[in-house]
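Remarks on the overall topology
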Amino acid sequence: MPNKIKIVLTLVVVVAMFLVYQLAQYVHTIANGNSTFQQGSPLPNPDDDPDHDGLNNQQEVIWGSDPFNPDSDGDGFKDGEEVNSGHNPLVPGPDDLINSDNLTDQLSQLAVSGLYAGALDPDSVDYTKTLNDITSSVADSGTYLFNKTVDPSAFTVIDGSAQTNTTYVRASAPLFQQFSNTLGNEFANIKDSLNAIGKGGFSDPVKKFFAQQATIYDDISRAGLALPVPRPFVNTHANFLSLTQQMSTISTAIANGDTDSVKAALALDALGDMYTKYINFLIAYGNTLETVHVDINSLNNLLP
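Residues numbered from 1 in each chain as written. Predicted model: local features only at pLDDT ≥ 70, side-chain atom pairs only at ≥ 80, totals over all residues. Heavy atoms only, no water.

**Re the overall build of the chain**
Defined as follows: In DSSP terms, a helix is any run of H or I states spanning at least four residues, a strand is any run of E spanning at least two, and both are numbered starting from the N terminus. Exposure classes here rest on a 1.4 Å probe applied to the protein chains alone. A residue is buried below 20% of its type maximum, exposed above 50%, and partly exposed in between. Any pair of residues with heavy atoms lying within 4.5 Å of one another is described as a contacting pair. Note that accessible areas follow from Shrake-Rupley with a 1.4 Å probe, and for residues the cover is restricted to the protein chains shown.
Helix and strand content of the chain: ten helices and two strands. Listed N to C, the secondary structure of the chain is α-α-α-α-α-β-α-α-α-β-α-α in terms of helices and strands. Sorting the 304 residues of the chain into buried and exposed places 42% on the buried side. Long-range pairs, those at least 24 residues apart, make up 68% of the contacts in the chain between residues at least 6 apart in sequence. Working note: accessible area of the chain is about 15,300 Å², and carbon and sulfur atoms make up 55% of it.

**Things to note about the environment of Thr 166**
Looking at the secondary structure, you find Thr 166 in helix α6 (residues 162–188). The sequence separation of Thr 166 and Val 292 amounts to 126 residues, and the corresponding C-alpha distance is 9.5 Å.

**Section: the packing of aromatic side chains**
Describing an aromatic ring pair means giving the distance of the ring centres and the angle of the ring planes. Put simply, the rule reads: Pairing of aromatic rings covers Phe, Tyr and the six-membered ring of Trp, with a centre-to-centre limit of 6.5 Å; geometry is then stacked below 30 degrees between planes, edge-to-face above 60, and tilted otherwise.
One pass over the structure, following the stated rule, counts 13 aromatic pairs. For the ring pair Phe 176 and Tyr 285, a centre distance of 4.9 Å and an interplane angle of 80 degrees mean the geometry is edge-to-face. Of this pair, Phe 176 sits in helix α6 while Tyr 285 sits in helix α10 (residues 261–291), placing them 109 residues apart in sequence. You'll find Phe 176 and Tyr 285 in the same group, each marked buried. Ring geometry for Phe 233 against Tyr 285: centres 6.1 Å apart, planes inclined by 50 degrees, an arrangement best described as tilted. You can see Phe 233 sitting in the loop between β2 (228–230) and α9 (234–255) and its partner Tyr 285 sitting in helix α10, a full 52 residues away along the chain. Of the residues examined, Phe 233 reaches a relative accessible area of 0% and is grouped as buried. In this structure an aromatic cluster arises from ring pairing among Tyr 168, Phe 176, Phe 179, Tyr 217, Phe 233, Phe 240, Tyr 278, Phe 281 and Tyr 285.

**Here's the deal with α6**
Which entries qualify depends on this criterion: Each helix should span, by expectation, one fewer than its residue count multiplied by 1.5 Å.
Taking 1.5 Å as the rise per residue, α6 with 27 residues should run 39 Å; its terminal C-alpha atoms sit 38 Å apart, in good agreement. Listed in full, the buried residues belonging to α6 are Asn 165, Tyr 168, Val 169, Ser 172, Leu 175, Phe 176, Phe 179, Ser 180, Thr 182, Leu 183, Gly 184 and Glu 186.

**Digging into the side chain of Ser 251**
On the secondary structure map, Ser 251 appears in helix α9. Relative accessible area serves as the criterion here: at 0%, Ser 251 is assigned to the buried category. The residues touching Ser 251, leaving out its near neighbours within four places in the chain, are Glu 186, Phe 210, Gln 213, Ala 214 and Tyr 217.

**Remarks on the nonpolar core**
In plain terms, the rule: Residues enter a nonpolar core if they are buried and are Ala, Val, Leu, Ile, Met, Phe, Trp, Tyr or Cys, with the set joined through side-chain atoms within 4.5 Å.
Core analysis: the biggest nonpolar cluster contains 53 residues, and Phe 179 and Ile 250 have the highest contact counts within it. For this core, the secondary-structure elements that each account for two or more residues are α4 (103–117), α5 (127–145), α6, α8 (206–226), α9 and α10. By residue number, the principal contributor to this core is α10, which donates 13 residues. Excluding residues that lie within four positions of it along the chain, Ile 250 makes contacts with Phe 146, Ala 267, Ala 270, Leu 271 and Met 274.

**Some words on the pattern of salt bridges**
Convention followed: Just to be clear on terms, a salt bridge is a Lys or Arg side-chain nitrogen sitting within 4 Å of an Asp or Glu carboxyl oxygen.
According to the stated counting rule, one finds four salt bridges in the structure shown. Two residues, Asp 219 and Arg 222, come together in a salt bridge whose shortest N-O distance is 2.4 Å. Taken together, the positions of Asp 219 and Arg 222, both in helix α8 and three residues apart, correspond to about one turn of that helix. The partly exposed category is assigned to Asp 219, whose relative accessible area is 38%. In this structure, Asp 260 engages Lys 263 in a salt bridge whose closest nitrogen and oxygen atoms are separated by 3.9 Å.

**A look at the packing of α6 against α8**
Cut-off, in case you're wondering: Interaxial angle, 0 to 180 degrees, is taken between N-to-C directions of lines fitted to C-alpha atoms, where a helix line uses only the stretch in contact. Here roughly perpendicular refers to angles of 65 to 115 degrees, roughly parallel to angles under 35, roughly antiparallel to angles over 145, and oblique to all remaining angles. Two helices crossing with the near one rotated counterclockwise from the far one by less than a right angle form a left-handed crossing, whereas a clockwise rotation gives a right-handed crossing.
Two numbers describe how α6 lies on α8: the axes approach to 10 Å, and their chain directions differ by 165 degrees. Overall, the two elements α6 and α8 adopt an arrangement that is roughly antiparallel. α8 is crossed by α6, and the crossing has left-handed handedness. Mapping the contact onto sequence places Leu 175, Gln 178, Phe 179, Thr 182, Leu 183, Asn 185 and Glu 186 in α6 and Phe 209, Phe 210, Gln 213, Ile 216, Tyr 217, Ile 220, Ala 223 and Gly 224 in α8.

Shown next as structure tokens:
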């Protein structure tokens, strides 16, 4: 698939960039750390799982976890449970989400571990599977990061009536308009931004532009959270604030591309989906307006 190809290409670039220092650092950790598996020990069957933690020996080496200890970080959860639920098996909870890590570091560490284990040797029978596992792991992290949703329990919910519904529509319409303008500005500048990234990387003016965009989305989100929301609009309001926070996360990731180029690349990919998401939101919002008999013209001029 196109996204998988993009991620694989990113993997090649990142490995080339980070191989020298990450290889020395990560191999040193594996060889001299606290793990009971030491360099020079006989290698067990890669498909075995001697500690019964849900990760086979090959996966343990890729993650850098201990193949003979079911709970490498000692936080009470098995390594396999942590990986499958998006947590780092080497970092004790609660702040151990894989998805909160620097994705460039995550990708380079997994790649270097795969190289160290021999699984990323093109002649290895596990080469394709290992590459897919690594790229899928990083892609899943990006999917999680850029699709977070807002919990409606954070809202001040009020009963719906002709008056409260109309008041809400009048108060929220400027926020929708501001979001539309900001999103439109982002799309209008995407070509220039990509050209600037191609020439000078994730530096000014790219950094400054996307940081400003993120600030605007954060302001819209805060204003939206402060609005009393009539019950008929709770779901659409949650969808709108989810979009604003997703766009803030995307813009922030692009602005910080100089320190996490993989996350920035995935953010640029996620940006391409936002127009469709916004259209779907407007359709759902329009349906809600019709249901509560509020003037459908409130949607005018909201498309970026």
